[in-house]
Amino acid sequence: MNYLDALKKRYSVKKFDAEKSVSSEVLHHILEAAQLSASSLGLQPYNILIIETPEMKEKLIPAFYNPSQISTCSHLIAIVSKKGIGADYLGKYFSYISETREIPLDELNPFKNSISKHMGSLSEEEMLNWSQKQSYIVLGNLMFAAALEEVDTCPMEGFKQELIDEILAINTEKEKVSVTLAIGYRSQDDEFQNLKKVRKPNDKLFKFI
Ligand SMILES: Cc1cc2nc3c(=O)[nH]c(=O)nc-3n(C[C@H](O)[C@H](O)[C@H](O)COP(=O)(O)O)c2cc1C
């Protein structure tokens, strides 16, 4: 599907058709868009959980303020952001670059040291803020890829932080759920699909300078 048509067709689904699931093949194509996402310094400071069992979706219902999507979606994707980047994580990342690109680790040291210095200069709050921004790039790519695959979605951050982290057994000293994405196929009786898009007109949104 043409990408603009896909973006026009997509909307934030409130109710999915609970009888329809996204096939494993299509799901993996969509997830590849997450894997290929760009991230600041390439650090990918997140993990991605794919919740597929009815039991786990059921457990998560109380964690959402408006859970109609959770009870009807095919899969729920949770993007879990790292709260910090430690020496160990950085070391593994650089070993992986060295292995993948066949560059001696020593040659990467100046880059590694500058990243380490930069990370060390951030407060906890700045670090989390930086990390969470990367998660939203993944979210955007997932939504776009899903739309092109004609899979419907609803991005959701209307959840109770402590509860969702607890249910998903997140190690909250090191990470937290930033945002979730329900995916599936729209229910024909979800009235939201008939609403016109409310968007700023181009002259309010864009300024050419
Ligand atoms: C980061 C983010 C979080 C959102 N959280 C929720 C949510 O918790 N529940 C919900 O029903 N919609 C949620 N939305 C959907 C927005 O309300 C929706 O994208 C916006 O109103 C534009 O409508 P459209 O997506 O249907 O075009 C979220 C959207 C974004 C981008």
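Residues numbered from 1 in each chain as written. Predicted model: local features only at pLDDT ≥ 70, side-chain atom pairs only at ≥ 80, totals over all residues.

*Asks:* For this particular structure, what's the right way to read the environment of methionine 143?
*Replies:* The residue methionine 143 is located in helix α7 (residues 124-148) in this model. Of the residues examined, methionine 143 has 23 C-beta atoms within 10 Å and is grouped as buried. Between the alpha carbons of methionine 143 and isoleucine 183 there is a distance of 8.9 Å; along the sequence they are 40 residues apart. (Helix = DSSP H or I, 4+ residues; strand = E, 2+ residues; numbered from the N terminus. Buried ≥ 20, exposed ≤ 12 C-beta atoms within 10 Å, placed from the backbone.)

*Asks:* Hey, could you run me through the site of the ligand in this one?
*Replies:* In the neighbourhood of the ligand, the contacting residues comprise Tyr11, Ser12, Lys14, Asn66, Cys154, Pro155, Met156, Glu157, Gly158, Val179 and Lys197. Considering each element in turn, the shell around the ligand owes the most residues, three residues, to strand β3 (residues 152-156). Looking at the shell around the ligand, its residues break down into five nonpolar, three polar and three charged. (Near = placed C-beta within 6 Å. Nonpolar A, V, L, I, M, F, W, Y, C, P; charged D, E, K, R; others polar.)

*Asks:* Honestly, the sheet that holds strand β2 (residues 75-82) in this entry has me stumped. Any pointers?
*Replies:* One key point about sheets: their strands pair by backbone hydrogen bonds, in either a parallel or an antiparallel sense. On the basis of which strands lie adjacent, the open sheet formed by four strands has the order β1-β2-β4-β3 and antiparallel pairing. Every interior strand has two partners, whereas the edge strands, β1 (46-51) and β3, have only one. Across the sheet, the mean angle separating the axes of adjacent strands is 20° when strand polarity is ignored. Here β3 runs beside strand β4 (residues 175-184); their pairing, made up of five bridges, is antiparallel. Within β4, the residue paired with aspartate 152 across the bridge is glycine 184. (Pairing = 2+ DSSP bridges. Axes fitted to C-alpha atoms, helices over the stretch in contact; angles between N-to-C directions.)

*Asks:* In this structure, what is going on with the environment of lysine 133? I would like to understand it.
*Replies:* Take lysine 133: it is sitting in helix α7. Spatially, the C-alpha atoms of lysine 133 and serine 178 are 9.2 Å apart, while their sequence positions differ by 45 residues.

*Asks:* Looking at this structure, how should I read the nonpolar core?
*Replies:* Side chains of nonpolar character tend, in soluble globular proteins, to be buried together. Membership of the largest hydrophobic core comes to 35 residues, with the highest contact counts inside it found for Leu76, Ile79, Leu142, Ala146, Ala182 and Ile183. Listing elements by their share of this core, those giving two or more residues are α2 (24-35), β1, β2, α7, β3 and β4. The biggest single contributor to this core is α7, with seven residues. (Core = buried A, V, L, I, M, F, W, Y, C linked by C-beta atoms within 7 Å.)

*Asks:* Just to check I follow, could you spell out the pairing of β2 for this structure?
*Replies:* Successive side chains on a regular strand alternate, one facing one side of the sheet and the next facing the other. Burial analysis of β2 places seven of its eight residues in the buried class, the great majority of the element. Alignment of β1 against β2, held across six bridges, turns out to be antiparallel. Residue pairing in the sheet places tyrosine 46 in a bridge with serine 81 of β2. Bridge count for β2 against β4 is eight bridges, and the pairing is antiparallel. Of the residues in β4, the one forming a bridge with leucine 76 is alanine 182.

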